[in-house]
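# Structure at a glance
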Amino acid sequence: MAKLIALCDGHGMETAGKRTPLLPNGVVMRENEFNRRVVALLDVHLKRCGFRTLLVAQTDVDTPLRARTDAANAAKADLYLSVHANAFGAGGLNSVRGIETFHRLGSVEGAKAAVTLHRSLLGGTKLPNRGVKTADFHVLRETRMPAVLVECGFMTNVEEAALLRSEAYRVECAEELARGVCEYFGLPFVREAKTNPVEPAVKMDPKDANHIIDSFVRPSRADALKKGDQAGAAEAHRLANELRKASGQPTQ
Ligand SMILES: [Zn+2]
């Protein structure tokens, strides 16, 4: 049976206080905008990598923490992962920065998962490493499986708030967390299949192309070379290769 990962997006969209201060560009980001996007992307990665997932808070409302952990416990999840953006201070912007990851005190597996996810999360964009820590948060304490809470950057730091608002950083965090989950369970991370552009259908028969090359292009190139017309010879060579490409043959 595939491992079941409980994914928690931290808070409701309108949960009081869970947002950036007013940023210099006049924008306020709610923490859940970041958390929810990362969870959605992570969900896709994990399913592709062969996991089952349980989104413990599917809606914009502030699903109570008890309901989140009850859902994970009832489903017998193998790992609980709660995705957050951090905040520091009394509500203004400040210089506190970095990534920190939490597990519950005494949970050997929780610590192992936290260390693995933390290392993976630090892999891309260089943010200060605030370390792996223990905490008595509800989602860590009340879960009956290894549980990890990641804080992916500070909403109260102007540079990190900009990162947290960017799709690129959300995409990066989701992939890093997915890689960390795979590593923790000893499974390979399965890359996204790149959609290969469809090969254009070959339009010209190679025999026709070679006939044109031999009967017309080659003699014209030989002619050009005889006259010392290097540009003409090069052009004939180029045209021959265009004909080879158009008929699906290697160039010369
Ligand atoms: Zn949070």
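Along every chain, residues carry numbers that run from 1 in the direction the sequence is written. This being a predicted model, a pLDDT of at least 70 is required before a residue's local features are given, and a value of 80 or more before pairs of side-chain atoms are given or counted; all residues contribute to the totals for chains, interfaces and linings. Side-chain calculation: all heavy atoms of the structure are included, whereas hydrogens and water are not.

As annotated in an unreviewed UniProt entry, the chain carries the name N-acetylmuramoyl-L-alanine amidase and comes from Cohnella luojiensis.

A few words on the UniProt feature "domain: MurNAc-LAA" (unreviewed entry) in the chain. UniProt records the feature "domain: MurNAc-LAA" (unreviewed entry) for residues 69-182 in the present numbering. Helix numbering and strand numbering both begin at the N terminus, where a helix is a DSSP run of H or I of at least 4 residues and a strand a DSSP run of E of at least 2. Regarding residues 69-182, the helix share stands at 42% and the strand share at 24%, and the terminal C-alpha atoms are separated by 22 Å. UniProt positions are given in the numbering used here, feature names are shortened, and annotations may be inferred rather than shown by experiment.

This paragraph deals with the coordination of the zinc ion. Four donors placed tetrahedrally about a metal ideally form angles of 109.5 degrees, and six donors placed octahedrally ideally form angles of 90 or 180 degrees. Within the first shell, the zinc ion binds the protein through His11 (NE2), Glu31 (OE), Glu31 (OE) and His84 (ND1), at distances of 2.0 to 2.7 Å. The donor set comprises N, O and S atoms within 2.8 Å of the metal, extended to 3.2 Å for Na, K and Ca; water molecules are omitted, so apparent gaps in a site may simply reflect that omission. Here a site with four donors is tetrahedral if all angles are between 85 and 135 degrees, and a site with four or six donors is square planar or octahedral if opposite donors are over 155 degrees apart and the other angles are between 65 and 115; anything else gets the irregular label. Around the zinc ion, the 4 donor atoms are arranged such that angles at the metal cover 53 to 149 degrees; this shape is classified as irregular. Counting gaps between the donor residues of the zinc ion yields the pattern H-x19-E-x52-H. Highlighted residues: His11 in the loop between strand E1 (4-8) and helix H1 (31-48) and His84 in strand E3 (residues 79-86), separated in sequence by 73 residues. In this scheme, a residue with accessible area under 20% of its type's maximum is buried, one over 50% is exposed, and one in between is partly exposed, where area comes from a 1.4 Å probe on protein chains only. The class of His11 is buried, set by a relative accessible area of 12%. Judged by relative accessible area, His84 falls into the buried class, the value being 7%.

Under this scheme, a helix contributes an axis fitted over its contacting stretch, all axes are lines through C-alpha atoms, and angles between N-to-C directions fall in the 0 to 180 degree range. Contact pair helix H3 (residues 108-121) / helix H6 (residues 167-185): the axes reach a minimum separation of 8 Å and the direction vectors enclose 140 degrees. Classified by the interaxial angle, the pair formed by H3 and H6 is oblique. Crossing geometry of H3 relative to H6 is assigned as right-handed. Across from Glu109, Lys112, Ala113, Thr116, Leu117, Arg119, Ser120 and Leu121 in H3, the residues of H6 making contact are Cys173, Glu176, Leu177, Arg179, Gly180, Val181, Glu183 and Tyr184. Looking at side-chain class alone, the contact of H3 with H6 contains 7 nonpolar, 3 polar and 6 charged residues. The cut-offs work like this: below 35 degrees is roughly parallel, past 145 is roughly antiparallel, 65 to 115 is roughly perpendicular, and the gaps in between are oblique. Left-handed describes a crossing whose near helix is turned anticlockwise from the far helix by less than a right angle; the clockwise case is right-handed. We call two residues in contact whenever any of their non-hydrogen atoms come within 4.5 Å of each other. As a working rule, the residues Ala, Val, Leu, Ile, Met, Phe, Trp, Tyr, Cys and Pro are called nonpolar, Asp, Glu, Lys and Arg charged, and the rest polar, with Gly in that last group.

The next subject is the nonpolar core. Nonpolar side chains in soluble globular proteins generally cluster together in the buried interior. Definition of nonpolar core: a set of buried residues of the types Ala, Val, Leu, Ile, Met, Phe, Trp, Tyr and Cys, connected through side-chain atoms within 4.5 Å. Counting residues in hydrophobic clusters, the biggest one holds 37 residues, and the most contacted among them are Phe34, Leu81, Val83, Leu177 and Val181. With 9 residues, the single largest contributor to this core is H6. Setting aside anything within four residues of it in sequence, one finds Leu81 in contact with Ala6, Leu7, Cys8, Leu42, Leu117, Val148, Val150, Leu177 and Val181. Core analysis: the next-biggest nonpolar cluster, separate from the first, contains 14 residues, Cys8, Phe102, Ala135 and Met145 among them.

Further remarks concern the pattern of salt bridges. Salt bridge criterion: a side-chain nitrogen from Lys or Arg within 4 Å of a carboxyl oxygen from Asp or Glu. In this structure the tally under the stated criterion is 19 salt bridges. Of the charged contacts in the structure, one is a salt bridge between Arg68 and Asp62, with a shortest N-O distance of 3.8 Å. Among the charged side chains, a network of salt bridges with common partners joins Arg66, Asp70, Asp136, Arg141 and Glu142.

Here we take up the pairing of strand E4 (residues 99-103). Among the 5 residues in E4, 5 count as buried, and that is most of the element. Because side chains alternate across E4, one face comprises the buried residues Ile99, Thr101 and His103, and the other comprises Glu100 and Phe102, equally buried. Where E4 meets strand E5 (residues 129-134), 5 bridges bridge the pair, whose relative direction is parallel. Its bridge partner being in E5, Phe102 is matched across the sheet by Lys133. Classification remark: right-handed applies to a crossover when, strands pointing away from the viewer, the course from the first strand over the helix to the second runs clockwise. Regarding topology, H3 serves as the crossover connection from E4 to the parallel E5, and that connection is right-handed. Strand pairing follows a simple DSSP-based rule, namely that at least 2 bridges must link the two strands. Sheet analysis places E4 next to strand E6 (residues 147-154), joined by 3 bridges and oriented antiparallel.

Let's shift gears to the packing of H1 against H6. In the contact formed by H1 and H6, the axes pass within 8 Å of each other and the chain directions differ by 45 degrees. Classed by the angle they form, the pair H1 and H6 counts as oblique. You can see that H1 and H6 cross each other, and the crossing is right-handed. Where H1 approaches H6, its residues Glu33, Phe34, Arg37, Val38, Leu41, Leu42, His45 and Leu46 are matched on the opposing element by Glu167, Tyr169, Arg170, Val171, Cys173, Ala174, Glu175, Leu177, Ala178 and Val181. A class-by-class count of the residues in the contact of H1 with H6 yields 12 nonpolar, 1 polar and 5 charged.

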